[in-house]
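Observations on the model geometry
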Amino acid sequence: MINDFCDLGAAAVEKKLAEYKCDTNEAICLKLVRFPEDLEDDSTTFHPEYSHQSFGDDEVAFGYKGLQIQLFYTAGNLSTLFKVKYSSKVNEKFDCVEADDIEGKIREIIPAGFTCNTDDFISLLEKDANFKPFGTLLHTYTVHNEEAGDLTYQIHKADMTCPGFQEYHERLQTFLMWFIETASFIDTDDDRWDFFLLFEKYNKDGETLYATVGYMTVYNYYVYPDKTRPRVSQMLILPPFQGEGHGAQLLEAVHRFYCNLPKVQDITAEDPSESYVKLRDYVLVKLCQSLTSFAADKLHLGFSAEMAAEAQEKLKINKKHARRVYEILRLKATDMSDEEKAKAYRLEVKKRLFGPYRKNQRELTKMRKCLRPEELVSHMGQMDTQVQHEELEKSYQDLVADYRRTIERLATQVV
Ligand SMILES: CC(C)(COP(=O)(O)OP(=O)(O)OC[C@H]1O[C@@H](n2cnc3c(N)ncnc32)[C@H](O)[C@@H]1OP(=O)(O)O)[C@@H](O)C(=O)NCCC(=O)NCCS
């Protein structure tokens, strides 16, 4: 083949090659398949939010035009169809340019056992009728859907001793890479992991089948001398099911499960995302609003030891989280159009938010003592204080906006 580079200038080559770059968040097509016709139905396709772990920070694959990376899963068992499609590949045109090894990158994420053949996938889809949720049933709930009527959901607790669960989990966790920015796969050989799985029951040809909706992994940390501290590690509601209240249901069911275990001290989370913190606020406020120490007439007296103790003893809620619950319930009970009351609330929350700033300030003061006078820029301190004041105000405003959203959700009683 004659190298096409010979006929082109550098800029023209660059322009031509740019045509072979694809945004991998668009190119990767995910699907949860219940019926064969779903395969051709673009409305059931969803795309990753992240693909940087496989395709680098710019989330681009090089070497293909019209790239489509299909990762289709049967709805229950998550048996996988993997196909790479494109209209043209760069080394068909330019013989000294290498296209990215898409298959190799995807194979690093998806476990062996997938198929690349649609007919084989259809056979696997038929076998999904035999798929049953793993582990023990913890909680069932129904949600009314305009089109489908009442839908039933089940939350199960599973572990690696459940036959077939390890392989299923290997397929399930592949979704983390596309929806959690800093996702990593966990070491499932460690028996301190608990797995909570969420399924939707649906009807196919008169039979009841189960579709995977989402899951949560929790690590049971040891706390001296005889307690454990379950720490939520990963939580994912698959995108077609997000924003329907399933996250709240799953988190609440998991909380209730650990509340009943005497050895549990409290429940925490590993490096929680903003969306997780919002979800947790909602669930914990819902659980705490019936506790006597959080009664409306006690809230204006401040965050008390009684609140922390009751939340910990009855609901295994960590003190920091209980404090947020108190702030939300107090905001809910405060008439913010009353200037006095609004001011008292603002000061109360800002006092807590100011903690880290005060520490920062102390460190700065210490540093200054070590500096020679000529190194001290006199207005530096003032500048810091001003910046810190603005940051504090912004943190407060953002926090209160989130709190108000939680209060609204409680009021509308969206699950
Ligand atoms: C974060 C996550 C677990 C939340 O799950 P979810 O099922 O979407 O959560 P919910 O549906 O209970 O709540 C989400 C929103 O939907 C809203 N909602 C819930 N049910 C609703 C309904 N029936 N109608 C309208 N809105 C509804 C809630 O009010 C909430 O809104 P808000 O965020 O503005 O407060 C999910 O989005 C996810 O998996 N994200 C990707 C991974 C991730 O970030 N994981 C967490 C860190 S590991």
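Predicted, not measured: the structure shown is a model, and the values here were computed from it.

Some points on the pairing of strand E5 (residues 68–74)
Burial of E5 is extensive: six of the seven residues sit out of reach of the surface. The sheet contact formed by strand E2 (residues 28–33) and E5 spans six bridges and is parallel. Bridge pairing in E5 places Leu32 opposite Tyr73. Across six bridges, the pairing between E5 and strand E6 (residues 80–85) is antiparallel. Note that in E6 the partner of Gln70 across the bridge is Lys83. Where E5 hands over to E6, the hairpin turn is made up of five residues, of which Leu78 adopts a positive phi near 65°.

A short note on the site of the ligand
Contacts to the ligand come from 20 residues, most closely from Ile237, Gly245, Gly247, Arg405 and Arg409. A distance of 3.1 Å is found between an oxygen atom of the ligand and a backbone nitrogen or oxygen belonging to Glu244. Here an oxygen atom of the ligand and a backbone polar atom of Gly245 are 2.6 Å apart. Because more than half of its atoms lie within 2 Å of the grid, the ligand is assigned to the largest pocket. Elements supplying a minimum of two residues to the shell around the ligand: strand E12 (227–237), helix H8 (246–259), helix H9 (274–288) and helix H14 (380–412). Looking at which element gives the most residues to the shell around the ligand, the answer is H9, with four residues. Residue classes in the shell around the ligand are distributed as nine nonpolar, seven polar and four charged.

Quick word on the pattern of salt bridges
Counting across every chain of the model gives 18 salt bridges. For the salt bridge of Lys350 with Glu393, the shortest nitrogen-to-oxygen distance reads 2.3 Å. Taken together, the positions of Lys350 in helix H13 (residues 339–370) and Glu393 in helix H14 put the pair 43 residues apart, joining distant regions of the chain. Beyond isolated ion pairs, a larger network of salt bridges with shared partners links Arg323, Glu327, Glu348, Lys351 and Arg352.

Regarding the sheet that holds strand E13 (residues 268–269)
The strand order across the open sheet formed by six strands is E8-E9-E10-E11-E12-E13, and the pairing between neighbours is mixed. Pairing within the sheet leaves two strands with one partner each, and these edge strands are strand E8 (136–145) and E13. Bridge analysis of E8 against strand E9 (residues 149–158) gives nine bridges, and the strand direction is antiparallel. Looking at E9, one finds that Leu137 is bridged to His156. Against the sheet, H8 makes contact with E8, E9, strand E10 (193–204), strand E11 (207–223) and E12, and its axis sits at roughly 50° relative to E11, the strand it touches most.

Focus on the domain arrangement of the protein
Think of interface size as the accessible area that goes away when the parts come together; that is how it is often given. Each assigned domain of the protein is listed here: domain 1 (10–128), domain 2 (129–333) and domain 3 (339–404). Facing the 30 residues of domain 1 at the interface are 29 residues of domain 2. Carbon and sulfur atoms make up 62% of the area that domain 1 and domain 2 hide from each other, which totals about 2600 Å². Looking only at domain 1, the three residues that lose the most surface to domain 2 are Arg34, Tyr50 and Ile109, adding up to 24% of its buried area.

Topic: H8
Compared with the 20 Å implied by 1.5 Å per residue over 14 residues, the 20 Å span of H8 between its first and last C-alpha is a close match. Burial analysis of H8 places 13 of its 14 residues in the buried class, the great majority of the element.

Focus on the packing of H8 against H9
Two numbers describe a pair of packed helices, the interaxial angle and the distance between the axes. Running from N to C, H8 and H9 point in directions that differ by 60°, and their axes come no closer than 10 Å. One way to sum up the angle between H8 and H9 is to call them oblique. When you trace H8 past H9, the crossing you get is right-handed. Facing Gly247, Ala248, Leu251, Glu252, His255 and Arg256 of H8, the residues of H9 in contact are Tyr276, Leu279, Arg280, Tyr282, Val283, Leu284, Lys286 and Leu287. For the contact of H8 with H9, a count of residues per class yields eight nonpolar, two polar and four charged.

Quick look at the UniProt feature "site: Interaction with histone H4 N-terminus" (unreviewed entry) in the protein
UniProt annotation of "site: Interaction with histone H4 N-terminus" (unreviewed entry) refers to Trp193 when read in the numbering used here. Mapped onto the elements of the fold, Trp193 is located in strand E10. Residue classification places Trp193 among the buried residues on the basis of a relative accessible area of 10%. Contact partners of Trp193, with chain neighbours within four places excluded, come to Ile186, Asp187, Thr188, Thr217, Val218, Tyr219 and Ser233.

Reading the values: the criteria
- Residues numbered from 1 in each chain as written.
- Predicted model: local features only at pLDDT ≥ 70, side-chain atom pairs only at ≥ 80, totals over all residues.
- Heavy atoms only, no water.
- Buried < 20%, exposed > 50% of the residue type's maximum accessible area, 1.4 Å probe, protein only.
- Helix = DSSP H or I, 4+ residues; strand = E, 2+ residues; numbered from the N terminus.
- Pairing = 2+ DSSP bridges.
- Near = heavy atom within 4 Å.
- Polar contact = N/O pair within 3.5 Å; in protein donor to acceptor, adjacent residues only side chain to side chain.
- 1 Å grid on protein atoms, 1.4 Å probe; cavity = no way out; pocket = protein on both sides within 12 Å on 5 of 7 lines; lining within 4 Å.
- Sits in = over half its atoms within 2 Å of the grid points.
- Nonpolar A, V, L, I, M, F, W, Y, C, P; charged D, E, K, R; others polar.
- Salt bridge = Lys/Arg side-chain N within 4 Å of Asp/Glu carboxyl O.
- Contact = heavy atoms within 4.5 Å.
- Axes fitted to C-alpha atoms, helices over the stretch in contact; angles between N-to-C directions.
- Domains from an automatic or database assignment.
- Buried area = accessible area lost by both parts, 1.4 Å probe.
- Expected span 1.5 Å × (residues − 1).
- Parallel < 35°, antiparallel > 145°, perpendicular 65-115°, else oblique.
- Left-handed = near helix turned anticlockwise from the far one by under 90°.
- UniProt positions renumbered as here; feature names shortened; annotations may be inferred.

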